[in-house]
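# Inside the fold
Spelled out from the first residue to the last, the chains are:
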Amino acid sequence: MGKTLIQKIIEKSSGRNNVEVGEIVFVKPSVVLSHDNSADISKTFEKMGPKRVFDPSKIFIALDHEVPPPDSKKALNHSIIRDFVKKYGITNFFDCGEGICHQVLPEKGLVEPSTVVFGSDSHTTSHGAFGAAGIPVGRTETASLWALGETWLKVPESFKIIIKGTPQKNIFPKDVILHIIGKIGADGATYISVEFTGEYVDKMSMGGRMTFCNLSAEMGAKDAIIPVDDTTRAFLKDRLKKEYEPLYADKDAKYAKTLEFDVTNLKPQIAKPHKVDNVSDVSEVAGKKVDVFFLGTCTNGRVEDLEVAANILKGKKIKADSRLLVYPASKEVLLTCLDKGIIKTLVEAGGEINTPACGPCLGAYGGVLAPNERALSTANRNFKGRMGCSENTEVYLASPATVAVSALYGEITEYKGE
Amino acid sequence: MEKIKGKIHIVKDNDVNTDLIYAGKYTYEILTPEEMGKHTLEDFEKDYFKKMNENDFIVSGTNFGCGSSREQAVTCFKGLKSGGIIAKSFSRLYFRNAVNKALLVIESPEFVDYIFAKNNGENLDVEVDPNKGEIICEGKTFKFAPLTGQALEIFSAGGLGEYTKRKLAAM
C-alpha cells in the first residue's frame with residue numbers, strides 16, 4: 001500500500017522508516033511559530049524549568065496581532081517578548097511592522113518543504129502551500145516544544161481534493177476555497193490532512209495556494225498541503241538558504257476520501273454570518289449595505305490581492321459613509337505595493353492604509369466594528385463578535401475583488417470581471 | 001481520576017467557536033485562569049459564568065471549540081473549576097488543548113441527544129467516571145471512550161506543563 005504525503009513527512013520528521021495511519025509518534029519540527037502570544041508562552045515555558053530553548057534558530061516569533069499596540073497592556077506584552085528573545089538568543093524575531101507571521105515565515109525563507117511546522121496559531125495550516133505540514137498547536141504545547149523540540153502526533157488520515165477546470169475571469173482562489181468549505185462543512189475535515197491537486201491547483205499562484213491552505217483550518221483540517229512544483233521552487237529560490245528534498249504521495253496511497261470539484265461554472269462566493277461554511281453565491285446577498293470593507297490578513301493581504309482591488313478602484317471613490325481598511329500582510333508586500341502604485345490608488349479611492357499586521361480580523365484593536373455595523377472582509381472568520389463587537393454585527397467573507405467592487409457601491413455587489 | 005458530580009449547562013448549538021467561548025479582545029492580556037473564567041461564553045450570553053459552579057459541565061453539539069488555537073477557551077473553564085465539556089464532537093485543536101490543560105472533554109453524542117431532546121435539561125445532575133468512561137444522569141448510563149496512551153499520560157500528569165516539567169527534570 002502506498003503512502004500519503006503526510007505519512008512521508010511524519011516519517012521523515014520522526015526519524016522512522018514507516019509510520020501507519022492512527023499511530024502516535026514523536027515529531028521534531030523544522031520551526032516553531034508564534035506571535036504576540038509568545039509573552040504568555042514564555043511564562044509557561046519558564047515555569048517548566050528549562051535551562052535553555054531546544055534550538056534558538058528554530059523558534060520564530062513575529063509581532064502581528066496587536067500592532068502597533070493599542071494600550072500599555074499590549075505594549076507590555078511586546079516588551080516581555082523582546083526581553084525573552086534577548087535572554088534566549090532567539091534569532092528569528094520580527095518586531096512590529098514586519099508583518100503577519102504566516103506571511104513573514106515563508107518570505108524570510110523559513111518554511112522548508114516536507115518538514116513539520118508547528119505554530120501557536122490556528123492558521124499555521126498556511127505553510128502547506130510550500131509542501132510542508134503546518135500543524136497548529138496551543139500555547140502550552142508551544143512552550144513544551146520550545147523546551148523539548150518535539151511533541152506527539154497521531155498520523156492522520158488524508159483527503160485528496162482534486163480541482164478541475166478553468167474558472168471565469170471573475171473567480172479567485174478565495175471563491176474556490178469558500179465553495180469547497182461550504183460543501184465539506186466546518187468539521188468535515190476534522191483530524192484530516194488535506195492534499196490539494198488538479199489542473200486548477202497546478203496553475204494557481206503561490207498567494208492563491210496560501211489562501212487555500214490557510215482557509216483549510218475552517219473545515220477542521222489538521223493540515224493542508226500542496227505538493228512542491230515549479231511555482232513553489234520559484235518562490236523558494238533566493239529565499240530558502242538550504243537544499244531541500246520534496247516528498248510526494250505515492251500513486252497508490254490510500255485516502256479516506258477523494259473529492260472532485262469543477263470550477264468552470266463557479267460564481268463569486270461569500271461566507272455569510274456567523275459561520276465560515278455558510279457559503280452562497282455573492283448574488284444571493286447582493287444589495288446588503290456594508291459599513292466597513294477590510295482588505296488584508298494572512299488569508300488575502302498579499303500583493304496580488306491588493307493589486308486586484310486597486311485595479312477595480314483605480315480612478316474611483318468608495319461610497320460615501322463607508323470605510324475601506326487596508327492592512328498589507330507584510331513589509332515586503334507594502335514595499336512592493338508602493339513600487340507598483342497600488343497604495344496610491346487605494347488611498348486615492350478612499351482607503352486607510354495601516355501597519356502590516358492582523359488588523360481587525362480578530363477584533364483586538366484598530367478597525368473594530370460598532371454595534372449594528374456590517375463588515376465585508378477578505379479574512380478567514382466571520383464568527384459572532386469576531387471583529388470586536390457582538391451587538392448586532394455581521395461579518396461577510398469574500399475575495400479581494402468582491403470587497404473592492406462592493407466598496408464602490410457601499411453594498412455587497414457581485415464582481416463581474418469588468 | 002476521581003468521579004465528578006455536578007450540574008449541566010446547555011449550549012444548544014453546533015460549531016460553538018473559540019470566539020464565542022473566549023473573545024479575541026482579551027487574548028493578549030495576561031490574566032489568571034480565574035480572571036479568564038469571568039469571560040467564559042461572554043459573547044454567547046452575558047455573565048454566563050455566573051451559572052457555573054465548581055464541577056459543573058457544559059453540554060453542546062458537534063465541533064465544539066472550532067476556530068482559533070486560543071488556549072484561554074479551555075483555561076477559562078479551568079478557572080471556573082468546571083467538571084468539563086460533554087459534546088457530540090470537538091475540533092482537533094480544542095481537544096488537544098483540553099488534554100494539555102487537563103480539562104475533561106467527553107465525546108458522547110448519545111448523551112447530548114438525550115439532553116437536547118428534553119425541554120428542561122438545564123441544571124440536571126450528572127456523575128461522570130472518567131476512568132470507566134461513564135456518564136450517569138437520571139439513572140441512565142451513557143458510555144464514552146476514556147483517554148488512552150499519550151493523551152492519558154499528559155492529562156494524568158495534570159497537563160502538559162507539569163508533564164514537560166517532569167520530563168525536563170528527569171533529563
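Residues numbered from 1 in each chain as written. Chains lettered and ligands numbered in written order. Predicted model: local features only at pLDDT ≥ 70, side-chain atom pairs only at ≥ 80, totals over all residues. Heavy atoms only, no water.

Under the feature "domain: Aconitase A/isopropylmalate dehydratase small subunit swivel" (unreviewed entry), the UniProt entry names residues 40-109 of chain B. Between the end C-alpha atoms of residues 40-109 of chain B there is a gap of 23 Å, over a span that is 26% helix and 16% strand. (UniProt positions renumbered as here; feature names shortened; annotations may be inferred. Helix = DSSP H or I, 4+ residues; strand = E, 2+ residues; numbered from the N terminus.)

Below, the discussion takes up the side chain of Glu112(A). Residues and elements named next belong to chain A. Relative to the helices and strands, Glu112 is located in the loop between α4 (101-107) and β5 (116-119). A polar side-chain atom of Glu112 sits 3.0 Å from a polar atom in the side chain of Lys242. Look past the residues within four positions of Glu112 in its chain and what remains in contact with it is Ser30, Ala132, Leu240, Lys242, Glu243 and Tyr244. (Polar contact = N/O pair within 3.5 Å; in protein donor to acceptor, adjacent residues only side chain to side chain. Contact = heavy atoms within 4.5 Å.)

Moving on to the nonpolar core. Residues and elements named next belong to chain A. Among the nonpolar cores identified, the biggest contains 108 residues, and Ile161, Ile163, Ile180, Phe196 and Phe212 are the most heavily contacted of them. By residue number, the principal contributor to this core is helix α6 (residues 173-184), which donates 6 residues. Summarising the domain contributions, this core has at least three residues from each of domain 1 (5-261) and domain 2 (272-409). For Phe212, the residues in contact, after removing those within four places along its chain, are Ile163, Pro173, Val176, Ile177, Ile180, Phe196, Tyr200, Met204 and Ile226. (Core = buried A, V, L, I, M, F, W, Y, C linked by side-chain atoms within 4.5 Å. Buried < 20%, exposed > 50% of the residue type's maximum accessible area, 1.4 Å probe, protein only. Domains from an automatic or database assignment.)

Bringing the interface of chain A and chain B into the picture now. Frequently, the measure chosen for interface size is the accessible area that the parts lose on association. At the junction of the two partners, chain A supplies 52 residues and chain B supplies 42 residues. Close ionic contact of Arg96(B) with Glu141(A) constitutes a salt bridge, the shortest N to O distance being 2.7 Å. Across the chain A-chain B interface, the total number found is 16 residue pairs in polar contact (both at pLDDT 80 or more). Per-element tally for the side of chain A that touches chain B: the top contributor is helix α5 (residues 139-148) of chain A, with 6 residues. Residue classes in the side of chain A that touches chain B are distributed as 18 nonpolar, 16 polar and 18 charged. (Salt bridge = Lys/Arg side-chain N within 4 Å of Asp/Glu carboxyl O. Nonpolar A, V, L, I, M, F, W, Y, C, P; charged D, E, K, R; others polar.)

So, on to the confidence of the model for chain B. In the predicted model, chain B carries a mean pLDDT of 96, and 100% of its residues have values of at least 70. Our summary of model confidence lists the complex with pTM equal to 0.97 and ipTM equal to 0.95. (pLDDT = per-residue confidence, 0-100.)

Another aspect to go through is the domain arrangement of chain A. All names here are of chain A. As assigned here, chain A comprises domain 1 (5-261) and domain 2 (272-409). If you average the C-alpha positions of domain 1 and of domain 2, the two centres end up 24 Å apart. On the domain 2 side, the residues contacting the 34 residues of domain 1 number 32 residues. Between domain 1 and domain 2, a total of about 2700 Å² is buried, with carbon and sulfur atoms accounting for 58% of that surface. Viewed at the interface, domain 2 and domain 1 are joined by 3 salt bridges. The tally of links between domain 1 and domain 2 comes to 19 residue pairs in polar contact (both at pLDDT 80 or more). For the side of domain 1 that touches domain 2, the secondary-structure elements that each account for two or more residues are α4, α6 and α8 (206-215). Class assignment of the residues belonging to the side of domain 1 that touches domain 2 gives a composition of 11 nonpolar, 15 polar and 8 charged. (Buried area = accessible area lost by both parts, 1.4 Å probe.)

Moving on, we come to the packing of helix α3 (residues 72-79) of chain B against helix α4 (residues 92-100) of chain B. Residue and element names in this part refer to chain B. Between α3 and α4, the least distance of the axes is 9 Å, while the angle of their chain directions is 40°. Regarding the angle of α3 to α4, the classification is oblique. Handedness of the α3/α4 crossing: right-handed. Between α3 and α4, the residues in contact are Ala73, Val74 and Phe77 and Tyr94, Asn97 and Ala98, respectively. (Axes fitted to C-alpha atoms, helices over the stretch in contact; angles between N-to-C directions. Parallel < 35°, antiparallel > 145°, perpendicular 65-115°, else oblique. Left-handed = near helix turned anticlockwise from the far one by under 90°.)

On to the packing of aromatic side chains. Summed over all chains, the structure comprises 19 aromatic pairs over all chains. Summarising the aromatic geometry, the rings of Phe45(A) and Trp146(A) are spaced 5.9 Å apart at their centres and angled 70° between planes, so their arrangement reads as edge-to-face. With a gap of 101 residues between them, Phe45(A) in helix α2 (residues 38-47) and Trp146(A) in helix α5 connect regions that are remote in the sequence. Residues Phe45(A) and Trp146(A) agree in their burial class; the two are buried. Seen in terms of ring centroids, Phe60(A) and Phe94(A) are 5.4 Å apart; in terms of plane orientation they differ by 40°. Their pairing is tilted. In this pair, Phe60(A) sits in strand β3 (residues 59-62) while Phe94(A) sits in strand β4 (residues 92-94), placing the two residues 34 residues apart along the sequence. Looking at Phe94(A), the relative accessible area reads 12%, which means it is buried. Each member of the aromatic cluster is reached from another via a ring pair, and the members are Phe45(A), Phe84(A), Tyr88(A) and Trp146(A). Arg239(A) extends its terminal NZ or CZ atom over the ring of Phe235(A), reaching a point 4.4 Å from the ring centre. Here Arg96(B) stacks its cationic end above the ring of Trp152(A), 4.3 Å away from the centre of that ring. (Phe/Tyr/Trp six-rings, centres within 6.5 Å; stacked < 30°, edge-to-face > 60°. Lys NZ or Arg CZ within 6 Å of the ring centre and 35° of its normal.)

This next bit is on the pattern of salt bridges. Residue and element names in this part refer to chain A. Counting across every chain of the model gives 41 salt bridges over all chains. The residue Asp40 makes a salt bridge to Arg139 at a minimum N-O spacing of 2.9 Å. Pair noted here: Asp40 is in helix α2 and Arg139 is in helix α5, with a separation of 99 residues, a long-range link. A residue is classified by how much of its surface remains accessible, and Arg139, at 7% relative accessible area, is buried. In this structure, the salt-bridge partner of Glu348 is Lys344, at a minimum N-O distance of 3.0 Å. Remark: Lys344 and Glu348 occur in helix α13 (residues 342-348); sequence separation between them is 4 residues, near one turn of the helix. Since its relative accessible area comes to 43%, Glu348 is described here as partly exposed. The exposure class assigned to Lys344 is exposed, which follows from its relative accessible area of 55%.

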